[in-house]
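Below, each chain spelled out in residue letters.
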Amino acid sequence: MKKMAAGLIAAALVTGLAGCGSSDKDNETSQTTTKTETESSAPTTDSTAKTEETAEKTKLTLWFYFEGKERFDKIKALTDGYTAKNPNVEIEPVFIPFADFKKKLSVGLAASDLPDIVVIDNPDTAAYAAMGLFADITDKVNAWADKDQFFPGPWSSTILDGKQYAIPLGSNNLALFYNEKMLSDAGVKPPTTWDELRTTAKALTKDGVTGIGIAAPANEEGTFQFLPWLLSAGATFDNVGGAEGAKAYDFLGNLVKDGSMSKDVINWTQADVMKQFASGKIAMMINGPWQLPELATNAPDLKYGIALVPKDQQYSSVLGGENLGIVNGKHVDEAVDFAMYVESPEVLKGFAQGFGYFPARKDVAADPYWADNEQLKVFADNMNYAQPRGPHPKWPEISNALSEALDKSLLGSGTAADNAAEAQAKIDKILGK
């Protein structure tokens, strides 16, 4: 494993990815006694009881990168909830900043200094599985009755070469947000196809407002926003050089040529796009459900609707979210059991609601909380179309090739066909073709 990690560590360091939380273990142990202690008639001192219990507990560590005390507390509620049902297992949640996450994983892999469970961005699951970080849990999951409840997209992001290495934690995807008043004033309806979108965006572009905005930086965020268009045209992440891939690049490039989308999108993050939409500078945007609370804060009076991303050949969206990766170590059984606990309907429902996730399980997503909310319902429906990024062990390199070609197309540098062909050549080289 060390040799494999050393060979791939350089690539992992190029692509960025959780403060540490502590629990009052003395207080926890003072409130709990083991079965042996309870049944024994011999007196036991309080300090001895603590020592015996600590020795009997199996201790695991979980790494994650979600910022803020509120999110730390929600993760800790999961680990504490599991310990309440499994008193002999204690799981410590440890926050590592996103920017340091991949580096720490790669260094830990080379040094055999790793946690037992990792919350990992779903497209990175395959890359670290290929490095040997994650355990093959295929047999354990195959015996799990709940496995058939998961949406295909999140589920496939946990698999590499037919073997399973993780269990989905939670998901999100992308949809079309639109300013209801601007569309009404222009006499247009929310677009459902690419042709309708191009016409609608042009009609909405006036008086300092552009019709639509996306996030298109030359990185993973840009690829994330580009994939719905690529997939809808009938291309795939590793087959972009044909007419379908060129059509996707050309369509977005034409929005810029029309003046319906600003060239500045190559510098916009998804948060930037949300701010442009909230301030009324763009009439439509592609974005995700995590922006709903941000819009409520930044533009509480804004009336907007949400629809599926307009389609070419078929509706499509891209899968965001995280998986619970099971590290190949001493505590695989306990780690898998914890992941299955988290994804049980009774636990997942409350966690997903509080965390702003969409459940990766179809039965939980059918709950009225998601199914009956007009805004959330679009994203829930989108889970039927959302496809994972990859999965592929060299996804970060593939992603760079896709987003670089997108920026060239938006800036009018080369034809869309040439840019698609160039991206394909880079991807073929990455894949060793």
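Preceding this paragraph is the structure being described.
A brief report on the enclosed structure follows.

Rules used throughout
Residues numbered from 1 in each chain as written. Predicted model: local features only at pLDDT ≥ 70, side-chain atom pairs only at ≥ 80, totals over all residues. Heavy atoms only, no water. Helix = DSSP H or I, 4+ residues; strand = E, 2+ residues; numbered from the N terminus. Buried < 20%, exposed > 50% of the residue type's maximum accessible area, 1.4 Å probe, protein only. Areas by Shrake-Rupley, 256 points an atom, 1.4 Å probe, with all protein chains shown as cover. Core = buried A, V, L, I, M, F, W, Y, C linked by side-chain atoms within 4.5 Å. Axes fitted to C-alpha atoms, helices over the stretch in contact; angles between N-to-C directions. Parallel < 35°, antiparallel > 145°, perpendicular 65-115°, else oblique. Contact = heavy atoms within 4.5 Å. Nonpolar A, V, L, I, M, F, W, Y, C, P; charged D, E, K, R; others polar. Left-handed = near helix turned anticlockwise from the far one by under 90°. Salt bridge = Lys/Arg side-chain N within 4 Å of Asp/Glu carboxyl O.

With that settled, the discussion passes to the overall build of the protein chain. Looking only at helices and strands, one finds 22 helices and 13 strands in the protein chain. Relative to its full complement of 433 residues, the protein chain shows a buried share of 52%. For the protein chain, the exposed surface amounts to about 18,600 Å²; the carbon and sulfur share of it is 50%.

Moving on: the nonpolar core. Counting 129 residues, the largest nonpolar core has M284 and L402 as the members making the most contacts within it. With 8 residues, the single largest contributor to this core is helix α16 (residues 332-342). Grouped together as the second largest cluster of nonpolar side chains are 5 residues, F151, L319, A365 and M383 included.

A word on the packing of helix α5 (residues 69-85) against α16. Two numbers describe how α5 lies on α16: the axes approach to 10 Å, and their chain directions differ by 110°. With respect to their mutual orientation, α5 and α16 come out roughly perpendicular. Note on element contacts: α16 touches α5 through E334, D337, F338, Y341 and V342, opposite L78, T79, G81, Y82 and K85. Taken together, the residues that form the contact of α5 with α16 break down as 5 nonpolar, 2 polar and 3 charged.

Contact geometry of helix α13 (residues 243-257) with helix α22 (residues 416-431) gives a least axis separation of 8 Å together with a crossing angle of 125°. Classified by the interaxial angle, the pair formed by α13 and α22 is oblique. Crossing of α13 over α22 shows right-handed handedness. Across the interface between the two elements, G245, A246, Y249 and D250 of α13 pack against A416, A417, A420 and A423 of α22. Class assignment of the residues belonging to the contact of α13 with α22 gives a composition of 6 nonpolar, 1 polar and 1 charged.

So, on to the pattern of salt bridges. By the definition in use, this model includes 18 salt bridges. Look at the salt bridges and you will find they share partners, linking E404, K408, E422 and K426 into a network.

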